[in-house]
Amino acid sequence: MLDKSYLVPWGKRGSLSTDTEAAVLAELVHESTPLPAGVRRERFERSFAASVGSRHAISVNSGAVALQMAIRMLDLAPGDEVIATPQTHRATVQPLLDYDVRVRFCDIDPTTLNLDPAALEALITPRTRALLLVHYGGCPAEMDTVMALARRHGFLVLEDCVHALGARYRGRSPGSLADLATFSLRNAKSGTALGEGGLITCDRDDWAERLHRLRAPDRDARTAHLQPEPAGLPGTSYAMPLQRGCVRRPGSDATMPEGVAALGQAQLAGVETAVARRRALAGRLDEVLARYPFLTPQSAPAHSVHSYHLYTCLADHQELRDRLVLALDRRGVEIQLRYFPQHLLPQWRQRGHLRGECPVAERSWFEQHLNLPCHPSLTHHQQDYLIEALDGALAELNGGAPAPARMPATACGPR
């Protein structure tokens, strides 16, 4: 419940705090280099691009801004069609409301909860310009099939990697699997920096140049000679535009602050550790669910590695799901249901979308879906309690029948 203190709370921070981060911020505060110079921002961008296997990473001040700017790169025109997943946060598709385009929501696979490639092909028309998908919960979408369809029909693919830092698809990282990708550093993500920030990754040099211009006012030193040199005013603020160039085109000034970039750089090395803790806890949760056939965890294909930003499971029917949520809440375990089907939100209903459009996604959320706490900041004691509470709640729903003895699980969190 909203006003309740939970023994096992939902994760408010997805990365692991270290003394290194405090030292980085202290160094930043005390140094003399002007913060707008962007030294740390550029270093972070290079490191991030290398970590996901992309040519370019452009940092911005939020994940929502990253999505807005990435969608700008699609060059959508009136009458174009865009296919999108309904199983995502509203930020993924919200920017499309600013365009005179038709959005066609594609239903999801009932096992992975990602966009279903089999349903995708039926939605493609000659006017399809782009596809927006998300790697839901950190489970990579089936990108080989998606990209083959995109290349065959000539549309672009934007992958929202908000959940997928640390995931793998056939040995590659999300963020390098499509034409464009976006990441968020907000709150519970595996990299959180100061709680806000975003990145866009791509391989195209022209897109990277455009994104840099959109992010901040574009200055070109080549035009400096066109400005008159003010006589007798050395060192004045008026001389600044002459040294750096004049503004050719306005930008949005969505630059990532140096403090965020500095922490982002420090946290990159710890992403795998944080994701490993998520995976280890997810393995323990899987062991419990395996004894109760009426509850099934979201699963990734054998060729993918799940990052478990979300641990999602599906109940056989709504009454069972609702009873389990209440049973866990009574035991002090905070539960979330993420996310409401996007095509049924008021803003999309106003554009003609109706219930029944994506039946798998609708049944999943309304009748089956729940998310269990699975984040690296849970202590060893909290993890043990979560396992016991889940086992007890499921046994209660199973008519009080005790579950078979389980194999000892390996602890995966700090004490």
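Scroll up to find the structure this text is about.
Attention in this report is confined to the structure presented alongside it. The shown structure was predicted, so the numbers you read here are calculated from the model rather than taken from an experiment.

Ranked by internal contacts, the top residues of the largest apolar core, which has 43 residues, are M69, I71, L74, L76, L96, L132 and L180. Secondary structure elements with two or more residues in this core: strand 1 (56-60), helix 3 (63-72), strand 2 (81-84), strand 3 (102-105), strand 4 (128-134), strand 5 (156-160), strand 8 (198-202) and helix 7 (205-215). Element by element, the count of residues in this core is highest for helix 3, at five residues. Counting only domains with at least three residues in this core, you end up with domain 1 (18-224 + 248-260) and domain 2 (270-398). In contact with L132, not counting residues within four places along its chain, are I71, L74, V82, I83, A84, T85, T92, L96, L115 and L158. By size, the runner-up hydrophobic cluster in this structure holds 31 residues, among which are C374, L378, A393 and A395.

Our focus in this paragraph is the packing of aromatic side chains. Taken as a whole and judged by the stated rule, the model has nine aromatic pairs. Pairing F340 with W365 gives two aromatic rings, centres 5.0 Å apart and planes at 75 degrees, and the pair type is edge-to-face. Of this pair, F340 sits in the loop between helix 11 (318-330) and helix 12 (346-349) while W365 sits in helix 13 (residues 359-368), placing them 25 residues apart in sequence. F340 gets classed as partly exposed once you look at its relative accessible area, which sits at 28%. Where F340 meets F366, the ring centres are 5.6 Å apart and the plane angle is 80 degrees; that geometry is what we call edge-to-face. Residue F340 is located in the loop between helix 11 and helix 12, and its partner F366 is located in helix 13; the two are separated by 26 residues in the primary sequence.

With that settled, consider the sheet that holds strand 7 (residues 180-184). As a general point, the strands of a sheet are linked pairwise by backbone hydrogen bonds and lie either parallel or antiparallel. One open sheet accounts for seven strands, arranged 1-8-7-5-4-2-3; its pairing is mixed. The outermost strands of the open sheet, each flanked by one partner alone, are strand 1 and strand 3. On average, each strand axis in the sheet is inclined to that of its neighbour by 20 degrees, with strand direction left out of account. The sheet contact formed by strand 4 and strand 5 spans five bridges and is parallel. Within strand 5, the residue paired with A130 across the bridge is L156. Contacting strand 4 and strand 5, helix 6 (residues 143-153) crosses the sheet at an angle of about 150 degrees to strand 5. Each of strand 1, strand 5, strand 7 and strand 8 touches helix 7; the most contacted strand, strand 1, lies at about 15 degrees to it.

Thresholds applied
Each chain carries its own residue numbering, running from 1 in the written order of its sequence. Side-chain atom pairs in this predicted model are given and counted only at pLDDT of 80 or more, local residue features only at pLDDT of at least 70, and totals for whole chains, interfaces and linings cover all residues. Hydrogen atoms and water are omitted, and side-chain values are computed over all heavy atoms in the structure. Put simply, buried Ala, Val, Leu, Ile, Met, Phe, Trp, Tyr and Cys residues joined by side-chain atoms within 4.5 Å make one nonpolar core. A simple rule labels every residue: compare its accessible area, found with a 1.4 Å probe on the protein chains alone, to the largest value its type can have, and call it buried under 20%, exposed over 50%, or partly exposed in between. For the purposes of this entry, the term helix denotes a DSSP run of H or I that reaches at least four residues, the term strand denotes a run of E that reaches at least two, and both are numbered from the N terminus. Domain extents, as shown, originate in an automatic or database domain assignment. Contact definition: two residues touch when any of their heavy atoms are within 4.5 Å. Pairing of aromatic side chains here covers Phe, Tyr and the six-membered ring of Trp, requires ring centres within 6.5 Å, and sorts the geometry by plane angle: under 30 degrees stacked, over 60 edge-to-face, intermediate tilted. Pairing between strands is defined by DSSP: at least two bridges between the two strands are required. Think of each axis as a best-fit line through the C-alpha atoms, taken over the contacting stretch in the case of a helix, with angles from 0 to 180 degrees between the N-to-C directions.

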